Amino acid sequence: MNNCIFCKIIAGEIPASKVYEDDQVLAFLDITQTTKGHTLLVPKKHVRNVLAMDAETAKITFARLPKIARGLQKATGAQAMNIINNNEPLAGQTVFHAHIHLVPRYSNKDGIDIHYTTHEPDFAALESLAKTISKEVALCD
Ligand code: 5GP
Ligand code: ZN
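Residues numbered from 1 in each chain as written. Chains lettered and ligands numbered in written order. Predicted model: local features only at pLDDT ≥ 70, side-chain atom pairs only at ≥ 80, totals over all residues. Heavy atoms only, no water.

This part covers the overall build of the protein chain. For the protein chain, the helix and strand inventory stands at three helices and five strands. For the protein chain, the C-alpha atoms occupy an extent of roughly 50 × 40 × 25 Å along the three principal directions. Considering the protein chain as a whole, with its 141 residues, one finds that 34% of them fall into the buried category. Long-range pairs, those at least 24 residues apart, make up 52% of the contacts in the protein chain between residues at least 6 apart in sequence. As presented, the protein chain carries roughly 9,400 Å² of accessible surface, and 58% of it is formed by carbon and sulfur atoms. Separation of charge centres in the protein chain, based on 15 positive and 15 negative side chains, amounts to 7 Å. (Helix = DSSP H or I, 4+ residues; strand = E, 2+ residues; numbered from the N terminus. Buried < 20%, exposed > 50% of the residue type's maximum accessible area, 1.4 Å probe, protein only. Contact = heavy atoms within 4.5 Å. Areas by Shrake-Rupley, 256 points an atom, 1.4 Å probe, with all protein chains shown as cover. Lys, Arg positive; Asp, Glu negative; His and termini not counted. Charge placed at Lys NZ, Arg CZ, Asp CG, Glu CD.)

The next subject is the site of ligand 1. For ligand 1, the set of nearby residues contains 16 residues, the closest of which are Asp30, Asn86, Gly92, Thr94 and His101. Taking Asp30, its side chain carries an N or O atom lying 2.5 Å from an oxygen atom of ligand 1. Separating an oxygen atom of ligand 1 from a side-chain N or O atom of His101 is a distance of 2.8 Å. Its free accessible area being 520 Å², ligand 1 has 83% of it covered by the protein chains. Within the residue set of the shell around ligand 1, elements represented by two or more residues are helix H1 (5-10) and strand E2 (25-29). Considering every element that reaches the shell around ligand 1, the biggest residue donor is H1, with three residues. (Near = heavy atom within 4 Å. Polar contact = N/O pair within 3.5 Å; in protein donor to acceptor, adjacent residues only side chain to side chain.)

Functional significance is not addressed by these values, which are geometric in nature.
Structure representation (structure tokens):
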């Protein structure tokens, strides 16, 4: 058995408050509860993060997301929801088993402040960058 905390939760070796489970995925309440109902959705197959995920695991995991999100919204009465995924430490990943955060939102004082810095668009630079990226995307699985 590996040392992964989410694999241990999946295996039932450590407890978690489960909100959805089938043979492929598990959703359970995040221990920190950023807001009431803060949930994590994980594939049962151990994979480091989305960057390392195969298409089949992605398909299975993301297919379950709207169902769980809708149930969570109904149960909590949340007005809105942030669905967040962190990949690698620089992006805030602290547990290295892929997971998606579902964070129900109740007000603008929920303790989440997602701010995207904006830049004046340079359309030539955007086109050139898109070309570079699309070439790499075409070569990836
Ligand atoms: P990350 O920072 O990797 O995107 O998110 C990891 C999340 O896992 C954190 O929000 C943290 O609160 C949660 N977490 C870490 N250990 C446990 C645990 O043992 N049980 C549960 N339910 N959540 C955990
Ligand atoms: Zn794991």
